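What follows is the residue order along each chain.
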Amino acid sequence: MRRPFATLAAALLVGVFAVPASAADGDEDFTIKDPRITESSGLAASRLHPGIYWTHNDSDDGPYIYAVDSRTGETVARLTLTGVGTPRDVEAVSVGPGNRIYVGDIGDNLGGSWPHVWIYELPEPKTLKDQTIRATQYVVKYSDGARDAESLVVHPKTGRVYIVDKNEQGGHLYEGPAELSASGTNVFRPVAAVPDLEATDATLSPDGEHLVVRSYFGAIAYDWNGGKIKRKERLGVPFLGQGESVTYTADGTRIMYGAEGADSSVEGQDVPGGSDSSSGSGSSAAGGKDDDGDGLGGNLKTGAIAVAVACAALLGLRGLRRRK
C-alpha cells in the first residue's frame, strides 16, 4: 500500500507543479544532456549563435564553460579558460556588448569570508568547437565587506557589470566601476535593495530596460530605470528542482529558467505581458498579483493547497479501506 500511495502522491506533485502548456511548448525548451554538466548554475543566451546557451558547473569542474544547443540539448563546444587562476565557486555567466562573455566566480559558501572574488571576461568564439581561449581576470571586492553572491549581469549597452548578493532576507544590487580594471581591485558598491528573495541568478533584457532576479522557487521583475531599479511584479516560474539560473532569450521574448542536476531541464515563459523586451515593451504581471515570501508566486501557492487537499483525500480513502 505504501508504494502505490507514494507513487500517486508524486504524480499529483508533478501535475500540480507542471508548467502550463503555453509556457512550456516553446521551441527553445530543452534538456541539458551532457553528462559533464551536473551543476548548471548559470545561463546566458548567445547573441552571436542563435539557439545557443552558455552554462557552467557550480564548482569542482575547472575553468570551463559549455555551449549547449537548445534544439538538441547537446553540447557543441567546451571552452577552456586560460590566463586565470583555479576557479573557486563559479556561479554566473552573462553576455555583454561586443559578444563578450563574463563569468562570475563570485560564490562564497563560507558565508562571505573570502577577501575577494573574481570575474573572467573572454570573447565569444565565432566558431563553436572545443577550444582554449585566453580570458582576462578581474579582482572584485565589495565596499561593505565580503559576501556570497550567485547573480551577475552585464548591461547590454554600457557594458557595466552588476552583482546581486545572496541573502535569505534579501540582498542588494551592486554596481561595478564603469570599466573593470585587470591591474587593480574593482570595488562594487550597493545601489539598490533587492528584498524578499534569496537571489540565485539574474538577467537583463537585451534592450537593458528590464531586470529579472530569481530565487530557488520564484522570481521578481524590475524596471531597470538606469540602475535605480523599480519593482514591477512577482513572476511564477516552472518548478524544475533546485532553481539556479535564468536568462532572457536573445530576442527578448522569453525568460528561460534552469536548475542544477544531471539531465536538467531549461524551460521558458513569455516575458511579462507577452511583449518583446528587446524593444523595451511589456510590464504587466505574469505570475499574478505581487505577494510576500521567497519568490512563491500564486501558482505555487495554489498548487501547494491542491497537493494538501489531494493527499488528505487519499489518506481518507486509505482509512476507509482499512475499516472495511
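A. Structural context of the sheet that holds strand β1 (residues 30-31). Across the sheet, four strands lie side by side as β1-β21-β20-β19; this open sheet has antiparallel pairing. At either margin of the open sheet sits one strand with a lone partner, and together these are β1 and β19 (243-248). Inspection of the sheet shows β19 paired to strand β20 (residues 254-259) by five bridges, in the antiparallel sense. Bridge pairing links Thr-247 to Met-256 in β20.

B. Region of interest: the sheet that holds strand β17 (residues 219-223). Strand order in the open sheet formed by four strands is β15-β16-β17-β18, and the pairing between neighbours is antiparallel. This sheet does not close on itself; its edge strands, each paired only once, are β15 (201-204) and β18 (230-235). Strand-to-strand, the axes of this sheet are offset by a mean angle of 20°, without reference to chain direction. Strand direction decides the pairing type here: β17 and β18, joined by five bridges, are antiparallel. Note on β18: the bridge partner recorded for Asp-223 is Lys-230.

C. Structural view of the pattern of salt bridges. The tally for this structure, following the rule as stated, stands at 11 salt bridges. With its nearest N and O atoms 2.9 Å apart, the salt bridge here joins Lys-166 to Glu-150. With Lys-166 in the loop between β12 (161-165) and β13 (170-175) and Glu-150 in strand β11 (residues 149-154), this residue pair connects regions lying 16 residues apart in the sequence. Residue class for Lys-166 comes out buried when judged on its relative accessible area of 15%. Linked by salt bridges that have partners in common, Asp-29, Arg-254 and Asp-270 make up one network.

D. Examining the nonpolar core more closely. Ranked by internal contacts, the top residues of the largest apolar core, which has 19 residues, are Trp-54, Ile-65, Leu-81, Ile-101, Val-103 and Leu-122. Listing elements by their share of this core, those giving two or more residues are β3 (52-57), β4 (64-69), β5 (75-82), β6 (92-96), β7 (100-105) and β8 (117-123).

E. A look at the pairing of β15. Here β15 shows two buried faces, one formed by Asp-201 and Thr-203 and the other by Ala-202 and Leu-204. In this antiparallel pair of consecutive strands, β15 and strand β16 (residues 210-214), the connection spans five residues, and Gly-208 shows a positive phi of 75°.

F. Summary view of the layout of surface pockets. A volume near 150 Å³ is recorded for the second largest pocket. What lines the second largest pocket is a set of 18 residues, and nearest its centre among them are Gly-62, Pro-63, Tyr-64, Pro-87 and Val-90. Secondary structure elements with two or more residues in the lining of the second largest pocket: β3 and β4. Taken together, the residues of the lining of the second largest pocket sort by class into eight nonpolar, five polar and five charged.

G. Layout of unusual backbone geometry. One non-glycine residue, Asn-99, adopts positive backbone phi at about 55°. Tracing the sequence through the fold places Asn-99 in the loop between β6 and β7. A residue is classified by how much of its surface remains accessible, and Asn-99, at 26% relative accessible area, is partly exposed. Phi is positive for Asp-263, which is not a glycine, with a value near 50°.

Here is what the cut-offs are and how they apply
Residues numbered from 1 in each chain as written. Predicted model: local features only at pLDDT ≥ 70, side-chain atom pairs only at ≥ 80, totals over all residues. Heavy atoms only, no water. Pairing = 2+ DSSP bridges. Helix = DSSP H or I, 4+ residues; strand = E, 2+ residues; numbered from the N terminus. Axes fitted to C-alpha atoms, helices over the stretch in contact; angles between N-to-C directions. Salt bridge = Lys/Arg side-chain N within 4 Å of Asp/Glu carboxyl O. Buried < 20%, exposed > 50% of the residue type's maximum accessible area, 1.4 Å probe, protein only. Core = buried A, V, L, I, M, F, W, Y, C linked by side-chain atoms within 4.5 Å. 1 Å grid on protein atoms, 1.4 Å probe; cavity = no way out; pocket = protein on both sides within 12 Å on 5 of 7 lines; lining within 4 Å. Points joined across faces, edges and corners; volume = space filled by probe spheres on them. Nonpolar A, V, L, I, M, F, W, Y, C, P; charged D, E, K, R; others polar.

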